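# Structural features, examined
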Amino acid sequence: MILVDIGNSGLRAIRMKPHAEVVESNIWKLSWPANFSVGGKSVPLQSPSPNHKWCEQNDQAAFRWLVNAIEPHDSETWYVSSVKQTALDQLQAACGTERKENRFRKINYLDLPMHLDVDAPDKVGMDRLIASWEAWNVINADRKHDKSSFHPLENQTAIDKQPVITVQAGTAVTVDLVTPDGAFRGGAIMPGLGLSLQLLAAGTEQLPWIANGAVSGLPTLPGKNTSQAIAAGVHASLAGGATFLINRYRQEFQRDDIPVIVTGGDANLLKSFIAPPCVPLDHMVLRGLNRLIATNRLTED
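All values reported here derive from a predicted model rather than from experimental measurement.

## Notes on the packing of aromatic side chains
The final tally for this structure, using the stated rule, is three aromatic pairs. Taken together, a centroid distance of 5.7 Å and an interplanar angle of 75° make the contact between W28 and W65 edge-to-face. With W28 in strand β3 (residues 27-31) and W65 in helix α1 (residues 60-70), the pair connects residues that are 37 residues apart, well separated along the chain. A relative accessible area of 24% means that W28 is categorised as partly exposed. Overall, the relative accessible area of 24% leaves W65 in the partly exposed class. Between K53 and the ring centre of W65, over which it is positioned, the NZ or CZ distance is 4.9 Å.

In structure tokens, the structure reads:
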């Protein structure tokens, strides 16, 4: 089987056997910039890696590269969480060229065994829903069987079901809440790192578009040049915004020990600022897809 997480600025895919672990080195990635003008400002160079390609989102050659890299069997099924239909269309077109017998199973909110306490369940991004469902299972279902897992929570003795906060730091930073009984309550959305940097460049005359990698660790403060000042400001908005929202959720439940799972490509920028218990876990959408399949929650269309 092949698991695919398509977000607004990138795609993550892994070919694996059911019940196996999601391993970073086995994940193939495509990344593309947002579609708005930055006034002719230079595009920052992004760091490449052997299993990661930067491209335009309509670059069919890049999608064919991905399909060939994964090497699917002729009759294999792709299980896809997608919030970007154009990228899914490109992937299916690439498969149509390279692997005509492959099947696609796009996951929707009805596939999740989770009550959605929101106004329009069909409008919520599948990445938020799957990651939140997986987070609730990690904190509740998994720990019932292995109390030694996830050391930031090891001093917790109660096995009662708990709420969980899921922070995804990707194109957007989303901070979502699942109640103790496993209901998705919704959350908050704010611009993520790459989007914030590109928006600053697009919305101003003099500010440059700096690379995501320029914002790492704890940026210099006060910034001695424009790039340092942008890095410090964007980092503060992400870390400060996420921690503010987490504190509001904890205040609602009058508990400062509600566990937080932080994930996404920019999770490292946030995790050290979140008061414990905080569990960093990568690729929560792929993990959630894996769990859905392993528990026989999905049937092929």
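## Observations regarding helix α4 (residues 193-202)
Listed as buried for α4 are L193, S196, L197, Q198 and A201. Residues of α4 that are buried make contact with β9 (184-191) and α5 (226-252).

## Some details on unusual backbone geometry
Of note, the bond from L221 into P222 is cis; its omega dihedral lies within 30 degrees of zero at -5°. Relative to the elements of secondary structure, P222 occurs in the loop between α4 and α5. The amide bond that connects P276 to the next residue, P277, takes the cis arrangement and shows omega of 5°. Its location among the elements puts P277 in the loop between β10 (260-263) and β11 (278-280). Although it is not a glycine, E71 adopts a positive phi angle of roughly 55°. Phi at H283 takes a positive value of approximately 55°, unusual for a residue other than glycine.

## What about helix α2 (residues 85-98)?
The end-to-end C-alpha distance of α2, which contains 14 residues, comes to 20 Å, matching closely the 20 Å that a straight helix rising 1.5 Å per residue would cover. In this structure, the buried side of α2 is in contact with β1 (2-6), β2 (10-15), α1, β5 (77-82) and β6 (103-106).

## Things to note about the environment of A62
With respect to the secondary-structure elements, A62 resides in helix α1. Judged by relative accessible area, which is 1%, A62 ranks as buried. Residues A62 and A94 lie 32 residues apart in sequence; the distance between their C-alpha atoms is 8.9 Å.

## Considerations on the sheet that holds strand β7 (residues 164-169)
Taken in spatial order, the five strands of this open sheet run β9-β8-β7-β10-β11, and their pairing is mixed. For this open sheet the edge positions go to β9 and β11, each flanked by a neighbour on one side alone. Taken pair by pair, the neighbouring strands of this sheet meet at an average axis angle of 15°, ignoring direction. Where α5 meets the sheet, its contacts fall on β7, β8 (172-178), β9 and β10, and the angle it forms with β9 comes to roughly 160°.

## A closer look at the side chain of Q60
Along the polypeptide, Q60 turns up in helix α1. A polar atom in the side chain of Q60 sits 2.4 Å from the side chain of Q90. Those residues within four positions of Q60 in sequence are excluded, and the remaining contacts are Q90, A93 and A94.

## Digging into the sheet that holds β6
As a general point, the strands of a sheet are linked pairwise by backbone hydrogen bonds and lie either parallel or antiparallel. Pairing within the open sheet is mixed, and its six strands lie in the order β4-β3-β2-β1-β5-β6. Edge strands, defined here as strands with exactly one partner in the open sheet, are β4 (52-54) and β6. Within this sheet the neighbouring strands show an average axis-to-axis angle of 15°, counted without direction. Contacts from α1 reach β1, β2, β3, β4 and β5 within the one sheet, and its direction differs from that of β3 by about 175°.

What counts, and at which threshold
- Residues numbered from 1 in each chain as written.
- Predicted model: local features only at pLDDT ≥ 70, side-chain atom pairs only at ≥ 80, totals over all residues.
- Heavy atoms only, no water.
- Phe/Tyr/Trp six-rings, centres within 6.5 Å; stacked < 30°, edge-to-face > 60°.
- Helix = DSSP H or I, 4+ residues; strand = E, 2+ residues; numbered from the N terminus.
- Buried < 20%, exposed > 50% of the residue type's maximum accessible area, 1.4 Å probe, protein only.
- Lys NZ or Arg CZ within 6 Å of the ring centre and 35° of its normal.
- Contact = heavy atoms within 4.5 Å.
- Expected span 1.5 Å × (residues − 1).
- Pairing = 2+ DSSP bridges.
- Axes fitted to C-alpha atoms, helices over the stretch in contact; angles between N-to-C directions.
- Polar contact = N/O pair within 3.5 Å; in protein donor to acceptor, adjacent residues only side chain to side chain.

Remember that the coordinates give geometry; whether it matters functionally is a separate question.
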